[in-house]
Amino acid sequence: MRDLKLPEQRHPEKAHRKDNAQPKKPKWIRVKAPTGEGYNTTKKIMRENKLVTVCEEAGCPNAGECWSQGHATMMIMGDICTRGCTFCNIATGKPNALDVFEPGRVADAVQKLGLNHVVITSVDRDDLEDGGAEHFAQTIRAVRHRSPKTTIEILTPDFLKCAPEVLETVVEAKPDVFNHNLETVPGLYPEVRPGARYFHSLRLLQRVKELDASIFTKSGIMAGLGEDKQSVHQVMDDMRAADIDFLTIGQYLQPTPKHHGIDRFVTPEEFGSYEKAAYGKGFLMVSATPLTRSSYHAGDDFARLRDAREAQLAKG
């Protein structure tokens with residue numbers, strides 16, 4: 001029986017890798033330890049509903065802040081991923097069978113937390129014929145039924161090994177935001193995201209817009225993996241060509257010595273320049289800070305995203 005709390009059992013595919021140094025974090029990266037009544041209430045609801053969160057599994061630095069406000073990113077389809085990306089702290093291996101009752105438990109937790117906006121993500125499930133598309137759709141429908149006023153943001157896998165039609169299953173469930181992260185620049189894919197394909201991920205997001213233009217699309221990359229500014233600007237251009245509305249850029253943080261090494265800590269000023277450039281390229285919404293993560297302040301950002309679209313439409 002695997003103990004997923006142990007790094008060597010959590011990431012067996014990384015056991016042979018040489019250790020990478022973990023440099024000391026600069027002052028702008030450090031966050032407070034999670035505490036408080038709100039944090040404990042959120043944790044209790046997650047445990048009672050037997051739900052997995054990406055906040056915990058991926059070791060998000062913002063978990064304390066978000067959970068204290070009752071915001072947790074639900075991770076469906078288990079806690080074991082079929083991919084072995086070198087940046088990611090989620091356990092890898094052969095996942096368990098899907099839990100047919102999970103969509104209902106997610107909906108119950110959303111209702112108990114009183115969320116105005118919820119982010120739902122998942123592990124990669126290359127073992128499933130549809131990559132988990134129907135499970136995503138069922139979860140969206142369950143949340144809509146229990147909390148009709150809650151806006152829903154999904155962060156999906158790439159469905160790389162599935163028939164193209166599976167994307168329609170997810171889009172037809174009408175999430176408010178469809179997010180799929182490119183994670184890094186194309187030149188780093190062989191090392192950072194070896195199981196994925198850069199242009200497939202771009203095309204996935206473009207197809208969402210083609211299927212339903214009312215759905216906001218969103219994608220993000222990490223900084224500090226070894227990319228240069230020119231390649232980041234090229235990713236921005238590629239995203240805009242795919243009609244992506246919302247861009248996130250945050251600092252990569254190395255989970256263990258076996259994970260991809262940190263090339264450097266990008267300064268807050270550099271993140272500010274990325275944000276300015278991205279708005280100049282036409283994104284409706286940009287979040288570019290060291291601590292930016294896909295679901296960080298997602299509810300507030302969604303409101304701003306919606307306002308930005310309405311302002312754009314008003315201009316004609």
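In this report, the structure presented in the accompanying data block is examined. (Residues numbered from 1 in each chain as written. Predicted model: local features only at pLDDT ≥ 70, side-chain atom pairs only at ≥ 80, totals over all residues. Heavy atoms only, no water.)

**Considerations on the overall build of the protein**
Here is step 1: Looking only at helices and strands, the protein has 12 helices and 10 strands in total.
Here is step 2: The buried share of the protein, taken over its 316 residues, is 53%. (Helix = DSSP H or I, 4+ residues; strand = E, 2+ residues; numbered from the N terminus. Buried < 20%, exposed > 50% of the residue type's maximum accessible area, 1.4 Å probe, protein only.)

**A look at the packing of helix α5 (residues 102-113) against helix α6 (residues 133-146)**
Here is step 1: The geometry of α5 relative to α6 is characterised by a closest axis approach of 8 Å and an angle of 35° between their N-to-C directions. Helix-helix and strand crossings are classified by hand; for α5 and α6 the assignment is right-handed. Only H135, Q138, T139, A142, V143 and R146 of α6 make contact with α5, whose side of the interface consists of E102, P103, G104, V106, A107, D108, V110 and Q111.
Here is step 2: Each residue belonging to the contact of α5 with α6 can be placed in one class, and the counts come to six nonpolar, five polar and three charged. (Axes fitted to C-alpha atoms, helices over the stretch in contact; angles between N-to-C directions. Left-handed = near helix turned anticlockwise from the far one by under 90°. Contact = heavy atoms within 4.5 Å. Nonpolar A, V, L, I, M, F, W, Y, C, P; charged D, E, K, R; others polar.)

**Let's talk about α5**
Here is step 1: Here α5 contains 12 residues, and its C-alpha end-to-end distance of 16 Å stays within 8% of the 16 Å for a straight helix at 1.5 Å per residue.
Here is step 2: Buried within α5 are the following residues: E102, P103, V106, A107, D108, A109, V110 and L113.
Here is step 3: Looking at the residues trailing α5, positive phi occurs at G114, about 65°. (Expected span 1.5 Å × (residues − 1).)

**Here we look at the nonpolar core**
Here is step 1: Among the nonpolar cores identified, the biggest contains 74 residues, and M74, I120, F178, M236, M239 and I249 are the most heavily contacted of them.
Here is step 2: Sort the elements by how many residues they give to this core and α6 lands first, with six residues.
Here is step 3: One finds V177, F216, L284 and L305 within the second-largest nonpolar core, a separate group that totals seven residues. (Core = buried A, V, L, I, M, F, W, Y, C linked by side-chain atoms within 4.5 Å.)

**Brief notes about the side chain of E270**
Here is step 1: Tracing the sequence through the fold places E270 in helix α11 (residues 268-280).
Here is step 2: Accessibility expressed as a relative area gives 14% for E270, which makes it buried.
Here is step 3: There is a polar contact of 2.8 Å between the side chain of E270 and the side chain of R264.
Here is step 4: Not counting residues up to four positions away in its chain, the partners in contact with E270 are K229 and R264. (Polar contact = N/O pair within 3.5 Å; in protein donor to acceptor, adjacent residues only side chain to side chain.)

**Here's the deal with the environment of K112**
Here is step 1: Its location among the elements puts K112 in helix α5.
Here is step 2: Along the backbone, K112 and S147 are 35 residues apart, and their C-alpha atoms lie at a distance of 9.8 Å.

**Looking at the packing of helix α9 (residues 198-211) against helix α10 (residues 229-241)**
Here is step 1: Contact geometry of α9 with α10 gives a least axis separation of 9 Å together with a crossing angle of 35°. When α9 is examined against α10, the residues Y198, L202 and Q206 are found in contact with a partner set consisting of V235, D238, M239 and A241.
Here is step 2: Per-class residue counts for the contact of α9 with α10 are five nonpolar, one polar and one charged.

**Some remarks on the state of the cysteines**
Here is step 1: Throughout the structure, instances matching the rule amount to zero disulfides.
Here is step 2: C85 takes part in no disulfide bond, and the closest cysteine sulfur to it belongs to C88, at a distance of 6.4 Å.
Here is step 3: The class for C85 is buried, based on a relative accessible area of 14%. (Disulfide = S-S within 2.5 Å.)

**A closer look at the packing of aromatic side chains**
Here is step 1: On inspection of all chains with the given rule, the structure shows three aromatic pairs.
Here is step 2: Ring geometry for Y189 and Y198: centres 5.6 Å apart, planes at 90°, overall edge-to-face.
Here is step 3: Judged by centre distance (5.8 Å) and plane angle (90°), the rings of F216 and F302 are edge-to-face. Of this pair, F216 sits in strand β8 (residues 216-223) while F302 sits in helix α12 (residues 298-315); the two residues are 86 residues apart in sequence, bridging distant segments of the chain.
Here is step 4: Through successive ring pairs, a cluster of aromatic residues spans Y189, Y198 and F199.
Here is step 5: If you follow R240 out to its NZ or CZ, it ends over the ring of F283, 5.5 Å from the centre.
Here is step 6: Lying over the aromatic face of F216, R309 brings its terminal NZ or CZ to 3.7 Å of the ring centre. (Phe/Tyr/Trp six-rings, centres within 6.5 Å; stacked < 30°, edge-to-face > 60°. Lys NZ or Arg CZ within 6 Å of the ring centre and 35° of its normal.)

**Examining the pattern of salt bridges**
A side chain of one charge can pair with a side chain of the opposite charge if their charged atoms are brought near each other.
Here is step 1: Tallied over the entire structure, the rule returns 21 salt bridges.
Here is step 2: One salt bridge in this structure joins K112 and D108, with 3.1 Å as the shortest N-O distance. Of this pair, K112 and D108 both sit in helix α5, separated by four residues, roughly a single helical turn.
Here is step 3: Residue classification places K112 among the partly exposed residues on the basis of a relative accessible area of 47%.
Here is step 4: D108 gets classed as buried once you look at its relative accessible area, which sits at 18%. (Salt bridge = Lys/Arg side-chain N within 4 Å of Asp/Glu carboxyl O.)

**A closer look at the pairing of β8**
Here is step 1: With respect to burial, β8 is a largely interior element, eight of its eight residues being buried.
Here is step 2: Burial along β8 is two-sided: F216, K218, G220 and M222 facing one way and T217, S219, I221 and A223 facing the other are all buried.
Here is step 3: With three bridges connecting them, strand β7 (residues 177-179) and β8 associate as parallel partners. From the neighbouring strand, N179 faces β8, where its bridge partner is K218.
Here is step 4: Each parallel crossover has a hand, and the one from β8 via α10 to strand β9 (residues 246-251) is right-handed. (Pairing = 2+ DSSP bridges. Right-handed = clockwise from strand over helix to strand, strands pointing away.)

**Observations concerning α11**
Note that an α-helix has 3.6 residues per turn; residues three or four places apart therefore point the same way.
Here is step 1: Taking 1.5 Å as the rise per residue, α11 with 13 residues should run 18 Å; its terminal C-alpha atoms sit 19 Å apart, in good agreement.
Here is step 2: Within α11, burial applies to E270, F271, Y274, A277 and A278. All buried residues of α11 lie within an arc of 120° about the axis, which places them on one face of the element. Residues of α11 that are exposed and point over 90 degrees away from its buried face: E269, K276 and G280.
Here is step 3: In this structure, the buried residues of α11 make contact with β8, α10, β9 and β10 (285-288).
Here is step 4: Immediately downstream of α11, the backbone of G282 shows phi near 110°, a positive value. (Arc of directions from axis to C-beta.)

None of the figures reported here should be taken as evidence of function without further support.
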